[in-house]
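Residues per chain are reported as follows:
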Amino acid sequence: LKFGQFEQKKLSLIGSDLLYSLTSDKNSCVKTFMSHIHQQNIMDIFSVDVVAEHSPLGSFLKNTSSWAITHAATNNIVRQLLLPESHDDYLSAMKRKVRYNIKRSVKQITEAFEGNITLKVYEAESNVEELLEKVNGIFKKSWQSSVMGYYERNTEKQITSTKLKAKNNWLKSYILECNNTPIAFVMGSQFNGYFEYAETGFDPYYASFSPGSVMTY
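Please read all numbers here as calculations on a predicted model, not as lab measurements.

Asks: Lay out helix H7 (residues 156-167) with the relevant residues and their values.
Replies: The end-to-end C-alpha distance of H7, which contains twelve residues, comes to 16 Å, matching closely the 16 Å that a straight helix rising 1.5 Å per residue would cover. Ile159, Thr162 and Ala166 are the residues of H7 that are buried. Seen along its axis, H7 keeps its buried residues to an arc of 75°; they face one direction. Of the residues in H7, the exposed ones pointing more than 90 degrees away from the buried face are Lys157, Thr160 and Lys167. Looking at the packing, one finds that the buried side of H7 touches helix H5 (128-141). One or two residues past the end of H7 sits Asn169, with phi positive at roughly 65°.

What follows is the structure in structure tokens.
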């Protein structure tokens, strides 16, 4: 991670909390864990995308002066999903209008490309290079790259860290293709029944088809 010209080592937590044994004291576990990573000097920044405010980890972070917690400006922002039993259950949990709009977007893009659309799932270590190469190509064209600046998405460091996720069965990422052309991506992780939605991007040429919404279907 770079801040200007300075490189920082970032440790990100997958999920919203630590995993505890049934008999453990959770508060003690959090203190021990945080003390360990601090003493080992393995990172400069510790990042948690989603944390329950009153959980042992959330309480620890709130009471530590060197930590900052920001609240989402709207409760419509969801980065973590507890996976339901079926796809129908997943859709039925949405508001009616949201579900209707997503289905309409899927129908429009399917008809426009005569059914030649594919959502590819990437979980295996052997497919990481292919995944990141496609992500890099899409990211170059994305609005994020235009606004925040382009940076290479398939460096050796990124390949190594993504392969580590795959090796531990955490990797769950997607590429949406139309006529065999990658147009959108979702980078994510899956663990213990939860899906962690880390990042998305799409080629603005296809913006009228709402590829981001299509990928949530």
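Asks: Can you lay out a nonpolar patch on the surface for me, pointing to particular residues and giving the numbers?
Replies: On the surface, Trp143, Val147 and Met148 cluster together into a nonpolar patch covering about 380 Å² of accessible area. Turning to its location among the elements, Val147 is positioned in helix H6 (residues 143-148). The exposure class assigned to Val147 is exposed, which follows from its relative accessible area of 63%.

Rules of the game
- Residues numbered from 1 in each chain as written.
- Predicted model: local features only at pLDDT ≥ 70, side-chain atom pairs only at ≥ 80, totals over all residues.
- Heavy atoms only, no water.
- Helix = DSSP H or I, 4+ residues; strand = E, 2+ residues; numbered from the N terminus.
- Expected span 1.5 Å × (residues − 1).
- Buried < 20%, exposed > 50% of the residue type's maximum accessible area, 1.4 Å probe, protein only.
- Arc of directions from axis to C-beta.
- Contact = heavy atoms within 4.5 Å.
- Patch = residues over 30% accessible without salt bridge, like charges linked within 9 Å, V, L, I, M, F, W, Y side chains within 5 Å.
- Areas by Shrake-Rupley, 256 points an atom, 1.4 Å probe, with all protein chains shown as cover.
- Salt bridge = Lys/Arg side-chain N within 4 Å of Asp/Glu carboxyl O.

Such coordinate-based values are descriptive only and should not be taken to indicate function.
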